[in-house]
There are 2 protein chains.
Amino acid sequence: MALHIALDAMGGDRGPGELVSGAVLAARESDLEISLIGDQALLGTILASHGPPSSRIHLVHASQVVGMDESPFDAIRKKKDSSIMKAFALHKEGRVDAVVSAGNSGATLAAAIKLLGRLEHVSRPGIAGIFPTLKGPVVMMDVGANVDCRSEHLFQFGVMASAFSQVLFGHDRPRVGLLSIGEEGGKGNVLVKKSHELFQQSSLNYIGNVEGRDTFQGDVDVMVCDGFVGNVCLKLSEGLAEAVMGMLKEEIVKSFKAKLGYLLARDAFASFKKRVDYAEYGGAPLLGIQGNAIVCHGRSNAVAIKNAIRVASEMARNKVNDRILELLSLHRLLGQQDDTNAPVAGVTP
Amino acid sequence: MALHIALDAMGGDRGPGELVSGAVLAARESDLEISLIGDQALLGTILASHGPPSSRIHLVHASQVVGMDESPFDAIRKKKDSSIMKAFALHKEGRVDAVVSAGNSGATLAAAIKLLGRLEHVSRPGIAGIFPTLKGPVVMMDVGANVDCRSEHLFQFGVMASAFSQVLFGHDRPRVGLLSIGEEGGKGNVLVKKSHELFQQSSLNYIGNVEGRDTFQGDVDVMVCDGFVGNVCLKLSEGLAEAVMGMLKEEIVKSFKAKLGYLLARDAFASFKKRVDYAEYGGAPLLGIQGNAIVCHGRSNAVAIKNAIRVASEMARNKVNDRILELLSLHRLLGQQDDTNAPVAGVTP
């Protein structure tokens, strides 16, 4: 049976038009069923503008929208009929297999935890970022959900991201690195030093500390860090890639010869851009919840949404959570404190 | 009277040849006196290969060298006659005005603190990184000296980096941002939230939280973070800039047309490279010590060393430490704990 994905069609910076376009693309290129959650009248009008609608795209009404800057906890408490809450409610009822949202990522995570709950033995669900590298994608976790962490949280991020890397990218034994400021095990802050000991005792394919510069070399498949460091890395990378291209263009337009050169090399620039574009990976999976979800960049375009829908369906089809549970059960005693029922602190929008 | 700079001529990954070349360039382009510290016979031979030596370049013998991976504390305890210890000993005696080293940065900082001491009221000396941006350099502090920090340390980094930005880059009131994961003051980890309150109470030109992506936009002059986050940012930026250029080149060589285009745009690429090259800024100043010092990247080439010698001389000439003391005295009661005599923890190589 075809999988069914719920898309929060109201979230994101670009408005519902871009999100609906992404769903239309996804329906065209796959056999997925897609439910658009949000203002039914508005979404219906947008959908109609795309020509005869696919029978696999459905509209589900939600009367509220969570703003990009709203407090996640207020949002899930006060807006029970928001598009994001509705999407996870459908998931909980088993009517969809995964959720995709480009809205407020903190609210998305909070809604997922509240409605679906955490996976057994997971202390802190988190967000895994996918970075392009010279050799293939690297999964970095956490990239923003948990800003103050203990070592057992970092260890579980490594386990969950390994499972994701196995299932989605086909790595038998993903190489796991702990993001630090020197390669020797003794280097790093207190959190990293403690986490290093846990990883060393595990059966993960732990290659030790890695540094910021290793992120883009492709010699590691999973990079582990707390959500503060990961989020800084994510945004620094975006900013630097933009700045590099901006400065290069400034230099190029200074001379006619260089401009001509740029025109000739334009295809190369375009395929470069495609290669490093966040849109190619669609978004960032939420890992550690009893379900499948992808949070997309607020600025996501239709292609990014389409790809996120595809990755979400692959998470569901390949049962990434079963793999996480298996890997966690191998390490149940390692660094595990009985805090699975503690409130999830540090969830940030 | 001309200023006198001591260069640790044995540190770094490229060996003394590159360092001596940097000193020769600096002597040629300035009226500085420069002392090369290290193996006198070796340095004499290298210097002679550059033709008739400048009367402003001096040799000072040191019998030991600190390795790039040696523990800083072992190094300063066991290698009293290393080139880096000798350089700071000369500075302490007032025989030179500043020290430049491309060697083990942890050992350089430890030697500086041991021999020169901390500036009055400074809890934690640190390393300030200088990043190129679209509009001008941004100073990030700390980038690796202090991996576990309290809020008063972050506040002092902001004060010291502001003083440096004023004196070296001529900003009257440098815009100070606190590196976090959202612009609102409530966003961030516990450390950042506490630090935000201190900055808000200060008379610094504090613009609030900034994000990783703001680093390269040039809309902030000083970015404050702990040494773990700063070091990750520094190395991530290096790695990403290299990866971006690497991926772009891979795309370009795939087609003849693009290769031709690249040849035409080559000058633009070269001036772009110059613009983002760490060598243009020479190195990273140590701030918070009773003296002037620059730590250079281990891979520094002769141009980077020459520029570091220039920046070191500017720090001395413009009395950056007087400015730091003034700014600190304006904020003496703010977040200041009486831990100035506590051991300097967290110094990392």
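Values in this document were obtained by computation on a predicted structure and should not be read as measured data.

Caption draft 1: Seen up close, the overall build of chain A. The secondary structure content of chain A amounts to 12 helices and 11 strands. Computed over C-alpha atoms, the radius of gyration of chain A comes to 20 Å, within 12% of the 20 Å expected from 2.2 N^0.38 for 349 residues, which places it in the range of a compact globule. Sequence-distant contacts in chain A: of pairs separated by 6 or more residues, those separated by 24 or more amount to 73%. Total accessible area computed for chain A in this model is approximately 13200 Å², and 52% of it derives from carbon and sulfur atoms.

Caption draft 2: How the structure looks around the relation of the copies chain B and chain A. By a simple turn and slide, chain B fits onto chain A: the slide is 0.0 Å along the axis, the RMSD is 0.0 Å, and the turn is 180 degrees. The superposition operator between the copies reduces to a two-fold rotation axis. Among all C-alpha atoms of chain B, that of Gly 261 of chain B lies closest to the rotation axis, at 1.8 Å. A share of 98% of the interface residues of chain B reappears at the interface of chain A, consistent with the copies meeting face to face through the same patch.

Caption draft 3: Spatial organisation of the sheet that holds strand β8 (residues 205-210) of chain A. All names here are of chain A. Read from one edge of the open sheet, 11 strands run β3-β2-β1-β4-β11-β10-β5-β6-β9-β7-β8, paired in mixed fashion. Strands with a single pairing partner mark the edges of an open sheet, and in this sheet they are β3 (57-61) and β8. The sheet shows a mean angle of 25 degrees between the axes of neighbouring strands, taken without regard to direction. When strand β6 (residues 138-141) meets strand β9 (residues 222-224), the two strands line up parallel, connected through three bridges. Bridge assignment links Met 140 to a residue of β9, and that residue is Met 223. Packing of helix α4 (residues 83-92) onto the sheet brings it into contact with β1 (4-8), β2 (33-38), β3, β4 (98-101) and β11 (293-295), and relative to β4 it is tilted by some 165 degrees. The sheet contacts of helix α8 (residues 227-252) involve β5 (126-131), β6 and β7 (175-179), and relative to β5 the element is tilted by about 30 degrees.

Caption draft 4: Up close: the interface of chain B and chain A. Listed per partner, the contact involves 59 residues of chain B and 58 residues of chain A. Roughly 5400 Å² is buried in total at the junction of chain B and chain A, and carbon and sulfur atoms are behind 72% of that figure. Where chain B meets chain A, there are four salt bridges. The partner of Glu 211 of chain B in a salt bridge is Lys 235 of chain A, and the shortest N-O contact between them spans 2.3 Å. Where chain B meets chain A, there are 10 residue pairs in polar contact (both at pLDDT 80 or more). Among the secondary structure elements, those contributing two or more residues to the side of chain B that touches chain A are α7 (190-201), α8 (227-252), α9 (256-264) and α10 (266-276) of chain B. In terms of residue count, α8 of chain B provides more of the side of chain B that touches chain A than any other element does, 20 residues in total.

Caption draft 5: A look at the domain arrangement of chain A. Domain parsing of chain A yields domain 1 (1-125 + 288-318) and domain 2 (127-280 + 323-349). Centre-to-centre, using C-alpha coordinates, domain 1 of chain A lies 24 Å away from domain 2 of chain A.

Caption draft 6: Local environment of the pairing of β3 of chain A. Residue and element names in this part refer to chain A. Pairing of β2 with β3 involves five bridges; the strand directions are parallel. Bridge pairing in β3 links Ser 35 to His 58. Traced from β2 through helix α2 (residues 40-48) to β3, the parallel crossover comes out right-handed.

Caption draft 7: Structural view of the sheet that holds strand β4 (residues 98-101) of chain B. Residue and element names in this part refer to chain B. With respect to topology, 11 strands assemble into an open sheet ordered β3-β2-β1-β4-β11-β10-β5-β6-β9-β7-β8, the strand pairing being mixed. Strand pairing shows two members of the sheet lacking a second neighbour, β3 (57-61) and β8 (205-210), which therefore form its edges. Mean inter-strand twist for the sheet, computed between neighbouring axes without regard to direction, equals 25 degrees. Running over the sheet, α7 touches β7 (175-179), β8 and β9 (222-224) and is turned about 165 degrees from β7. Strand contacts of α8: β5 (126-131), β6 (138-141) and β7, with the helix running at about 30 degrees to β5, the strand carrying the most contacts.

Caption draft 8: Molecular detail of α4 of chain A. Residue and element names in this part refer to chain A. Buried residues dominate α4, accounting for seven of its 10 residues. Within α4, burial applies to Ser 83, Ile 84, Met 85, Ala 87, Phe 88, Leu 90 and His 91. The positive-phi residue at the C-terminal boundary of α4 is Gly 94, with phi of around 80 degrees.

Caption draft 9: Structural context of the packing of aromatic side chains. Across all of its chains, the model carries eight aromatic pairs over all chains by this definition. Note on Phe 164 of chain B and Phe 169 of chain B: the rings are 6.0 Å apart at their centroids and 85 degrees apart in plane angle, and the pair reads as edge-to-face. On the basis of relative accessible area, Phe 169 of chain B is assigned to the partly exposed category, the value being 27%. Consider the rings of Phe 199 of chain B and Tyr 206 of chain B, whose centres lie 5.1 Å apart with planes at 20 degrees: the pair is stacked. A relative accessible area of 15% places Tyr 206 of chain B in the buried class. The structure contains a cluster of three or more aromatic residues connected by ring pairs, namely Phe 155, Phe 199 and Tyr 206 of chain A.

What counts and how
- Residues numbered from 1 in each chain as written.
- Chains lettered and ligands numbered in written order.
- Predicted model: local features only at pLDDT ≥ 70, side-chain atom pairs only at ≥ 80, totals over all residues.
- Heavy atoms only, no water.
- Helix = DSSP H or I, 4+ residues; strand = E, 2+ residues; numbered from the N terminus.
- Rg over C-alpha atoms; globule rule 2.2 N^0.38 Å.
- Contact = heavy atoms within 4.5 Å.
- Areas by Shrake-Rupley, 256 points an atom, 1.4 Å probe, with all protein chains shown as cover.
- Least-squares fit on C-alpha atoms with pLDDT ≥ 70 in both.
- Pairing = 2+ DSSP bridges.
- Axes fitted to C-alpha atoms, helices over the stretch in contact; angles between N-to-C directions.
- Buried area = accessible area lost by both parts, 1.4 Å probe.
- Salt bridge = Lys/Arg side-chain N within 4 Å of Asp/Glu carboxyl O.
- Polar contact = N/O pair within 3.5 Å; in protein donor to acceptor, adjacent residues only side chain to side chain.
- Domains from an automatic or database assignment.
- Right-handed = clockwise from strand over helix to strand, strands pointing away.
- Buried < 20%, exposed > 50% of the residue type's maximum accessible area, 1.4 Å probe, protein only.
- Phe/Tyr/Trp six-rings, centres within 6.5 Å; stacked < 30°, edge-to-face > 60°.

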